[in-house]
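Structural description and commentary
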Amino acid sequence: MKRTNTLKTTLLAGVLAAFGTAGAFAADLTVGANIGNVPWEFEDASGKVTGFEVDLVNEIAKRLGKTVEFVNTPFNGLFPAVQSGRINMAVSSITITEKRLASVSFAQPYYDSDQSLTVTAASGIKGLKDMSEKVVGVDTGSTGDMWADAHKAEYKLGDIRRFEGLQPAMLDLVAGRVDGYISDIPALLYYVKDKPELKVVERIPTGEKYSIMFNKGDPLAVEVNDVITKLKGEGFIAKLHETWFGAKAEETTSTVAVLDMPKAK
């Protein structure tokens with residue numbers, strides 16, 4: 001069966017070693033994503049790639065008259081891949097920051113978020129104040145990674161261990177190799193909802209906004225931004241929010257409100 005949305009199950013590094021550029025892929029748009037990042041991009045029981053951002057990218061591609069190919073890429077590998085032009089764009093609940101805007105471009109954001117601390121329910125940990133001298137897990141190069149490093153002394157955190165995504169971090173959390181995991185609150189709330197042995201114990205305000213990432217100055221960013229403006233106006237992204245999170249997005253959030261493309265100051 002022919003599909004315009006496919007997944008390369010090998011990691012991007014291996015694919016690029018064989019092909020070298022995004023032009024080697026069959027689809028019009030090659031999209032890097034850290035598959036396993038629920039509910040943004042992950043494989044369902046049938047092996048199909050699905051999620052909030054997968055649905056969004058597929059709709060954007062449809063509006064642009066292009067086909068899409070998703071390439072499984074570690075989060076920290078998305079940045080060099082998009083900067084080198086080996087992929088056309090990247091998603092994986094990527095936060096817009098001033099530092100990142102110096103080297104890449106973003107379309108307008110479509111989701112507001114914070115970080116959070118997840119622990120095992122049996123740990124007795126009730127928040128960051130209980131993490132003194134304890135091992136913290138984060139995703140390599142993520143906002144959670146930067147936050148933990150910046151606040152290590154404040155909370156007297158122990159070792160910071162870095163992972164390539166939620167799944168391996170959660171395995172180590174359950175196994176007791178880390179005491180807490182700091183990452184995006186939407187993904188963690190979605191992940192633990194049917195897992196009583198795990199608990200999100202504290203929201204960490206970071207004021208993040210997620211968007212699609214492009215190589216610096218790529219005209220595709222403007223094209224995609226224009227489509228996002230239309231999708232917000234039609235209520236499409238707000239409907240995605242209801243589908244994936246079971247609640248309406250507030251009118252003031254970037255899921256609903258049309259915003260300017262972010263630019264480096």
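Computed from a predicted structure; not experimentally measured. (Residues numbered from 1 in each chain as written. Predicted model: local features only at pLDDT ≥ 70, side-chain atom pairs only at ≥ 80, totals over all residues. Heavy atoms only, no water.)

**Examining helix α10 (residues 236-245)**
- Three or more residues of α10 are buried, namely Ile-237, Leu-240, His-241 and Trp-244. For α10, the angular spread of the buried residues around the axis is 105°, confining them to a single face. Every exposed residue of α10 that faces more than 90 degrees away from the buried side is listed here: Lys-239 and Thr-243.
- Contacts made by the buried residues of α10 are with β3 (42-43), β4 (49-50), α2 (52-64), β8 (111-120), α8 (185-192) and α9 (219-234).
- Looking one or two places after α10, you find Gly-246, whose phi comes out positive at around 70°. (Buried < 20%, exposed > 50% of the residue type's maximum accessible area, 1.4 Å probe, protein only. Helix = DSSP H or I, 4+ residues; strand = E, 2+ residues; numbered from the N terminus. Arc of directions from axis to C-beta. Contact = heavy atoms within 4.5 Å.)

**Let's talk about the UniProt feature "domain: Solute-binding protein family 3/N-terminal" (unreviewed entry) in the protein chain**
- In the numbering adopted here, UniProt assigns the feature "domain: Solute-binding protein family 3/N-terminal" (unreviewed entry) to residues 28-248.
- Annotated as residues 28-248, this span is 36% helix and 29% strand, and its ends, taken at the C-alpha atoms, are 33 Å apart. (UniProt positions renumbered as here; feature names shortened; annotations may be inferred.)

**Observations regarding the packing of α2 against α10**
- Where α2 meets α10, the axes come as close as 10 Å, and the angle between the chain directions of the two elements is 155°. By the angle class used here, α2 and α10 are roughly antiparallel. Our pair here, α2 against α10, has a crossing hand that is right-handed. Residues Phe-52, Asp-55, Leu-56 and Glu-59 of α2 touch α10, and the partners they reach there are Phe-236, Ile-237, Leu-240, His-241, Trp-244 and Phe-245.
- Per-class residue counts for the contact of α2 with α10 are seven nonpolar, one polar and two charged. (Axes fitted to C-alpha atoms, helices over the stretch in contact; angles between N-to-C directions. Parallel < 35°, antiparallel > 145°, perpendicular 65-115°, else oblique. Left-handed = near helix turned anticlockwise from the far one by under 90°. Nonpolar A, V, L, I, M, F, W, Y, C, P; charged D, E, K, R; others polar.)

**What about the environment of Ala-122?**
- When you line up the elements, Ala-122 lands in the loop between β8 and β9 (136-139).
- Judged by its relative accessible area of 78%, Ala-122 is exposed.
- Linking Ala-122 and Arg-63, residues 59 residues apart in sequence, is a C-alpha distance of 48 Å.

**Here's the deal with the pattern of salt bridges**
- Scanning the entire structure with this criterion turns up eight salt bridges.
- With its nearest N and O atoms 2.7 Å apart, the salt bridge here joins Glu-234 to Arg-63. Here Arg-63 lies in helix α2 and Glu-234 lies in helix α9, a separation of 171 residues in the sequence.
- A relative accessible area of 46% means that Glu-234 is categorised as partly exposed.
- A relative accessible area of 37% places Arg-63 in the partly exposed class.
- Measuring nitrogen to oxygen at the nearest pair gives 3.2 Å for the salt bridge that ties Lys-195 to Asp-194.
- The partly exposed category is assigned to Lys-195, whose relative accessible area is 22%.
- If you follow the salt bridges from partner to partner, you end up with Glu-59, Arg-63 and Glu-234 in one network. (Salt bridge = Lys/Arg side-chain N within 4 Å of Asp/Glu carboxyl O.)

**Digging into the pairing of strand β12 (residues 198-215)**
- In terms of strand pairing, strand β6 (residues 89-95) meets β12 through three bridges, oriented antiparallel. Each residue of the ladder has a partner; that of Ala-90, found in β12, is Met-213.
- Pairing of strand β7 (residues 104-106) with β12 involves three bridges; the strand directions are antiparallel. Across the sheet, the residue bridging to Ser-105 is Phe-214, located in β12.
- In the sheet, β8 pairs with β12 via nine bridges, with the strands oriented antiparallel. Bridge pairing in β12 links Thr-118 to Val-200. (Pairing = 2+ DSSP bridges.)

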